[in-house]
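Okay, here's what each chain looks like letter by letter:
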Amino acid sequence: MRILHIVPKLGTGGVENVAKGLTKFWARMGHEIILACSSPVSKQLRRFVHSYYSLSGARLAPPKIPFDFRAQDLTKAISEILRKEKIDVLITHGSLVKFSFSRYINSPCFAIVHGTYANEVKFMRYHPLPPSLKLRYIARLSSTFAHEMLTYFIASRKGNVNLIGVSRSTKEELVKYYVKKDRVHVLLNGVDKAFFKPMNKDHARSVLEDKHQLVLRDSVLLHIGMNWRKGTHIFIKSLGLLKKLEDKKFTALIIGKCPVSAFMDHVKKLIRIYGLEDQIICLEDVPDEEMPLIY
């Protein structure tokens, strides 16, 4: 089967790792993968791909770059691929499902919806950001949310399109905003058990301590993602309560770097207020291969 896999930028993060994992899995099953991506793709991933389209016009050396879309926008680029390539199924992520609306495709289409912004839109007024940043963030997020829901609404009314929610709550949120219920399915994300697997905790701890020159004392509490969407500020407050109520000894490990300095300043202020300077360790840049050790 020939699968056209249109993926988001392949950086680091949950969505990107799912896209990489699916590409490898389908290739190992014997399917022919045509990958379309707007960012450079690693050589390790390209070896699983039959054809690779560089939608950004990046000068790479994949197995084949049939076209250079440097002067075209993404929509035109995808339409050109669909016009020239014969595919059996199109698989996209999130609002990229809009590319299934092309008149050049009659094949089945699936869009993996990794979540919606429903809860964030609902609770964004509580985000600990300065008013100017919060207003700008609210405007951008609300616009994005409305656009994505409209895209899903239209997609669910096309005969060849199905949406795959990665959780039951995602499906519930889509249906709440009038996406057709019978066009939304739930498939929970899988895990690569050759990558994430049981290991000796003491060994993992010593490797991390040696590599990052740190000391993980007592019980270790883990928080992934330094930003308000992940509730880092709430995590810090919870640690303050834990320390006050239980007087329990622990080390809190926070993974990730927040791009908004104002939020970082807020988190640092909370750490000082609750007296947690000696119990919190922040690691900003952690490669994917270290995550099993951390977990």
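**Considerations on the overall build of the protein**
Next up, step 1: Each helix and strand counted, the protein has 10 helices and 10 strands in total.
Next up, step 2: For the C-alpha atoms alone, the extent of the protein along its principal axes is close to 65 × 40 × 35 Å.
Next up, step 3: By residue count, 42% of the 295 residues in the protein fall in the buried class.
Next up, step 4: Residue pairs in contact within the protein that sit at least 24 positions apart in sequence constitute 58% of those at least 6 positions apart.

**Notes on the packing of aromatic side chains**
Next up, step 1: Tallied over the entire structure, the rule returns five aromatic pairs.
Next up, step 2: The interplanar angle of 80° and the centroid separation of 4.9 Å between the aromatic rings of phenylalanine 195 and phenylalanine 196 together place this pair among those described as edge-to-face.
Next up, step 3: On the accessibility criterion, phenylalanine 196 (33% relative accessible area) is partly exposed.
Next up, step 4: Among the aromatic residues, those joined into a cluster by ring pairs are Tyr137, Trp228 and Phe263.

**Notes on the nonpolar core**
Next up, step 1: One finds Leu4, Ile6, Ala36, Ile78, Tyr152, Leu163 and Leu174 to be the most contacted residues of the largest nonpolar core, which totals 29 residues.
Next up, step 2: Elements that contribute at least two residues to this core include exactly β1 (2-7), β2 (32-37), α3 (74-84), β5 (109-113), α5 (131-155) and β6 (161-165).
Next up, step 3: Counting 21 residues, the second-largest nonpolar core is a separate cluster that includes Met124, Leu239, Val267 and Ile280.

**Some thoughts on the confidence of the model for the protein**
Next up, step 1: Put simply, the protein has an average pLDDT of 86, and 93% of its residues get 70 or more.
Next up, step 2: Confidence scores differ between elements of the protein, with α3 showing the lowest mean pLDDT of 78 and strand β7 (residues 184-186) the highest of 96.
Next up, step 3: The low-confidence segment residues 58-72, where pLDDT is below 50, has 32 contacts with residues more than four positions distant or belonging to other chains.

**Points about the sheet that holds β6**
Next up, step 1: Within the open sheet, the seven strands sit side by side as β3-β2-β1-β4-β5-β6-β7. Their pairing is parallel. The open sheet has two free edges, formed respectively by β3 (51-54) and β7, since each of these has just one partner strand. On average, adjacent strands in this sheet sit at an angle of 20° to one another, irrespective of strand direction.
Next up, step 2: Packing against the sheet, helix α1 (residues 14-28) makes contact with β1, β2, β4 (89-93) and β5, and its axis sits at approximately 170° to β1.

**What to know about the pattern of salt bridges**
Where charged atoms from two side chains of opposite charge come close, those side chains can pair.
Next up, step 1: The full count for this structure, using the stated rule, is seven salt bridges.
Next up, step 2: Among the salt bridges present, the one from glutamate 32 reaches arginine 2, with a minimum N-O distance of 2.4 Å. Of this pair, glutamate 32 sits in strand β2 while arginine 2 is found in strand β1, placing the two residues 30 residues apart along the sequence.
Next up, step 3: Between lysine 211 and glutamate 290 there is a salt bridge, and its shortest N-O distance comes to 2.5 Å. With lysine 211 in helix α7 (residues 201-212) and glutamate 290 in the loop between β10 (280-283) and α10 (291-294), the pair connects residues that are 79 residues apart, well separated along the chain.

**Quick notes on helix α9 (residues 261-273)**
Next up, step 1: An ideal rise of 1.5 Å per residue puts 18 Å on 13 residues; α9 measures up with 18 Å between its terminal C-alpha atoms.
Next up, step 2: Along α9, the positions that sit buried rather than exposed are Phe263, Met264, Val267, Leu270 and Ile271. Taken end-on, α9 shows its buried residues confined to a sector of 120°, consistent with a single buried face. Of the exposed residues in α9, the ones pointing more than 90 degrees away from its buried face are Ser261, Arg272 and Ile273.

**Section: the sheet that holds strand β8 (residues 219-224)**
Next up, step 1: Taking strand neighbours across the sheet as the criterion, the three strands line up as β8-β9-β10 in an open arrangement whose pairing is parallel. Each edge of the sheet is formed by a strand with only one pairing partner; in this case those strands are β8 and β10. Across the sheet, the mean angle from the axis of one strand to that of its neighbour is 20°, orientation sign disregarded.
Next up, step 2: As defined by bridge partners, β8 adjoins strand β9 (residues 250-255) across six bridges and the pair is classed as parallel. By the bridge assignment for β9, isoleucine 224 is matched with isoleucine 255.

Criteria and thresholds
Residues numbered from 1 in each chain as written. Predicted model: local features only at pLDDT ≥ 70, side-chain atom pairs only at ≥ 80, totals over all residues. Heavy atoms only, no water. Helix = DSSP H or I, 4+ residues; strand = E, 2+ residues; numbered from the N terminus. Buried < 20%, exposed > 50% of the residue type's maximum accessible area, 1.4 Å probe, protein only. Contact = heavy atoms within 4.5 Å. Phe/Tyr/Trp six-rings, centres within 6.5 Å; stacked < 30°, edge-to-face > 60°. Core = buried A, V, L, I, M, F, W, Y, C linked by side-chain atoms within 4.5 Å. pLDDT = per-residue confidence, 0-100. Pairing = 2+ DSSP bridges. Axes fitted to C-alpha atoms, helices over the stretch in contact; angles between N-to-C directions. Salt bridge = Lys/Arg side-chain N within 4 Å of Asp/Glu carboxyl O. Expected span 1.5 Å × (residues − 1). Arc of directions from axis to C-beta.

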